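One-letter residues, chain by chain:
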Number of protein chains: 2
Amino acid sequence: MVDRPRIGVVGATGAVGRVTLELLRERGYERVRAFASARSAGTTLEGGLAVEEATPDALRTAEIDVYLFSVGTSASKALVPHAVESGALCVDKSAAFRLTDGIPLVVPEVNGTRAEQNTGIVANPNCCSIPLALVLAPLRDAAGLRRARVATYQSAAGAGAESMERLRREAPEDHDLRMDWDFDGVEFDEETKIREETRKILELPELPISATCVRVPVMIGHAEALWVETEEPLSAEGAEQVLAAAPGVRLDARPTPGKATGLDEVLVGRIRRDPAGPNGLALFFACDNLRKGAALNAIQIAERLLRDRAIA
Amino acid sequence: MVDRPRIGVVGATGAVGRVTLELLRERGYERVRAFASARSAGTTLEGGLAVEEATPDALRTAEIDVYLFSVGTSASKALVPHAVESGALCVDKSAAFRLTDGIPLVVPEVNGTRAEQNTGIVANPNCCSIPLALVLAPLRDAAGLRRARVATYQSAAGAGAESMERLRREAPEDHDLRMDWDFDGVEFDEETKIREETRKILELPELPISATCVRVPVMIGHAEALWVETEEPLSAEGAEQVLAAAPGVRLDARPTPGKATGLDEVLVGRIRRDPAGPNGLALFFACDNLRKGAALNAIQIAERLLRDRAIA
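First things first, this report covers the structure right here in the doc.

What counts, and where the lines are drawn
Along each chain, the written sequence defines residue order, and numbers are assigned to residues from 1. Here the convention is simple: chains get letters from A, ligands get numbers from 1, in the order in which they are written. It should be noted that, the model being predicted, local features are given only for residues of pLDDT at least 70 and side-chain atom pairs only at 80 or more, the latter also being counted only at that level, while totals for whole chains, interfaces and linings use all residues. Here the side-chain values reflect all heavy atoms present in the structure, with hydrogen atoms and water set aside. The contact criterion used throughout is that any non-hydrogen atoms of two residues lie within 4.5 Å. Here's the idea: put two parts together, see how much 1.4 Å probe accessible area each one loses, and the total over both is what we call buried area. One side-chain nitrogen of Lys or Arg within 4 Å of one carboxyl oxygen of Asp or Glu is enough to make a salt bridge. Polar contact is defined as a pair of N or O atoms within 3.5 Å, subject to the rule that within protein one atom must be able to donate a hydrogen and the other to accept it, and that residues adjacent in sequence are counted only when both atoms are side-chain atoms. In DSSP terms, a helix is any run of H or I states spanning at least four residues, a strand is any run of E spanning at least two, and both are numbered starting from the N terminus. When residues are sorted by character, Ala, Val, Leu, Ile, Met, Phe, Trp, Tyr, Cys and Pro go into the nonpolar class, Asp, Glu, Lys and Arg into the charged class, and all the rest, Gly among them, into the polar class. The buried label applies to any residue whose accessible area, calculated with a 1.4 Å probe on protein chains only, is under 20% of its type's maximum; exposed applies above 50%, and partly exposed to all values in between. Handedness rule for crossovers: strands pointing away from the viewer, path from the first strand over the helix to the second running clockwise, crossover right-handed. Strand pairing follows a simple DSSP-based rule, namely that at least 2 bridges must link the two strands. Two rings from Phe, Tyr or Trp (for Trp, the six-membered ring) form a pair when their centres sit within 6.5 Å of each other. Planes less than 30 degrees apart are called stacked, planes more than 60 degrees apart edge-to-face, and all others tilted. Charge-over-ring contacts are defined here by two conditions on Lys NZ or Arg CZ: a distance within 6 Å of the ring centre and an angle within 35 degrees of the ring normal.

Here's the deal with the interface of chain A and chain B
- Counting residues at the interface gives 51 residues for chain A and 51 residues for chain B.
- Summed over both partners, the interface of chain A with chain B buries about 4,100 Å², with 58% contributed by carbon and sulfur atoms.
- Counting across the interface, chain A meets chain B through eight salt bridges.
- Of the charged contacts in the structure, one is a salt bridge between Arg168 of chain A and Glu173 of chain B, with a shortest N-O distance of 2.8 Å.
- At the boundary of chain A and chain B, one finds 27 residue pairs in polar contact (both at pLDDT 80 or more).
- Secondary-structure elements contributing two or more residues to the side of chain A that touches chain B are strand E7 (145–153), helix H6 (161–169), helix H7 (189–202), strand E8 (209–212), strand E9 (222–230), helix H9 (257–260), strand E11 (266–273) and strand E12 (280–287) of chain A.
- When residues in the side of chain A that touches chain B are grouped by element, the largest group, seven residues, is from E7 of chain A.
- Tallied by class, the residues present in the side of chain A that touches chain B amount to 31 nonpolar, seven polar and 13 charged.

In structure tokens:
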């Protein structure tokens, strides 16, 4: 294992970057450096950490063991290759590399071994794909998966710090559902991501998945209503037992984003037969999208690789 | 037609009662009386309308042509029979009589003729069942229905004026999804209502319907994410044409509660193939739950019967 690894957090001043720094402090990492765009460079974060500018040159020469990237997709595309050149492992939270052949897309509890097959980059899935994969993987192992439909209830935090600030300032009468994603003529890019990423993580490239994404006026925490059809019959009680034993999952009768905020696990509940389909189950789950949905999952990927001496 | 009908609004001081009075004013009704519980009786509403106490005796003797009830289920059970005894038509918005054999459960655009078969009571469906029936009925007529799954995004207004006031006072950080319904051990009563009522309105008593109900921190307007499987193939374009021509429905690319508030129609959009199932469609709709989801639908029932001289 790398002794006292040097960690670089890129995008340190964003909503996910701040949670990343908080989690790293909680976990006792001391050799942490913060990088951000020119706009934030030069400022100082809580705890006295100076923000350095994330230039290609700085990342290439910074002598970092692990970079945790939480910047936008175009910034990741521009910066990550330079960080890789330095010999560091890069865990990237953007959509830049998630579906690229040869780059592992990892939820450690589901396909952690895939992380070892990296060539410098491991991609962190979308904040809805991570909890969905955590819930679907044990059901896949227990009974096989035939198809899934999912409606999301995504918080402001998923759209970044500015969206949270807007919700804070908004009059309650103006709260509304939002659909602030790119539309390809059929569905939102967020819906495509959920399908494609979940297929890759679960290694079920043909799994039919239909997602409907909706942003709700909740500050932190995403929830999802899921209907899943299994290959073999699986009772609601059977599914509950399977999920109770699954890593990264905790049962809760009425899971909500509020209850899930600050937790490491996905809260899963409302598990019942889907009276509308054969071998069908309906359930509901909630997850802290900044922690397990983003920052925590990325740190867990890095820790797994550090522990396994897969980087040194 | 009854000339200048005398209308009694029972539960006049609640969230739905107030919208009922507003809609009656907009529509030019002048002989309107307001009834409420002892707590509100004696007060005066905007426009100078005095609130009378809704006692059994008062309702039986008030000489009203149409009562519009928007009180709780137990209050409806206690009061509606007395109002019926007066010879008035009662349109009841509670769950008291919705599933009672012989009592019509009516969405005028879908099964308006059923209203004529009343013996004094017509039931108004649940605020989620009304828009769902408006969307499903034209699809049933075009291609038959095999099964439906629906995830709801229900506003504070659906839980009454107190819930709206709580949302108004709540810090944005405390906004959360809520599941404030009775649980029967398998599902919420709200989810059972949606299935049973939709089956009755559509006259498809066996239609498999699975609903997952969630309250969101939005003031007014309910939305629903629907997956529906038809008997015959129906393309997304075909479904869009069918819905564009359907009464009570208006197409919108990104329907939200905020856009639907104050409108009479259900906004329907995001119509696309459900890649997870054969003959499957996915779509999203939003509706003002106080208007078409409650007050407006009840007034439309009454107007239909007044127009057809079915009451006099």
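Notes on the pairing of strand E2 (residues 32–36) of chain B
Residues and elements named next belong to chain B.
- Burial within E2 is extensive, with four of its five residues counted as buried.
- You can see the chain leave strand E1 (residues 7–10), run along helix H1 (residues 15–26) and come back into E2, and the turn it takes is right-handed.
- Relative to strand E3 (residues 51–53), E2 is paired through three bridges, and the arrangement is parallel. The residue bridging Ala36 from the neighbouring strand is Glu53, located in E3.

Observations regarding the packing of aromatic side chains
- Inspection of the entire model under this criterion finds twelve aromatic pairs over all chains.
- Plain terms: the ring middles of Tyr67 of chain A and Phe69 of chain A are 5.8 Å apart, the flat faces sit at 50° to each other, and that makes the pair tilted. Here Tyr67 of chain A and Phe69 of chain A have matching classes, each one buried.
- Ring-pair connections join several aromatic residues into one group, and the members of that group are Tyr153 and Phe284 of chain A together with Tyr153 and Phe284 of chain B.
- Of note, Arg270 of chain A hangs over the ring of Phe188 of chain B, and the distance from its end group to the ring centre comes to 3.7 Å.

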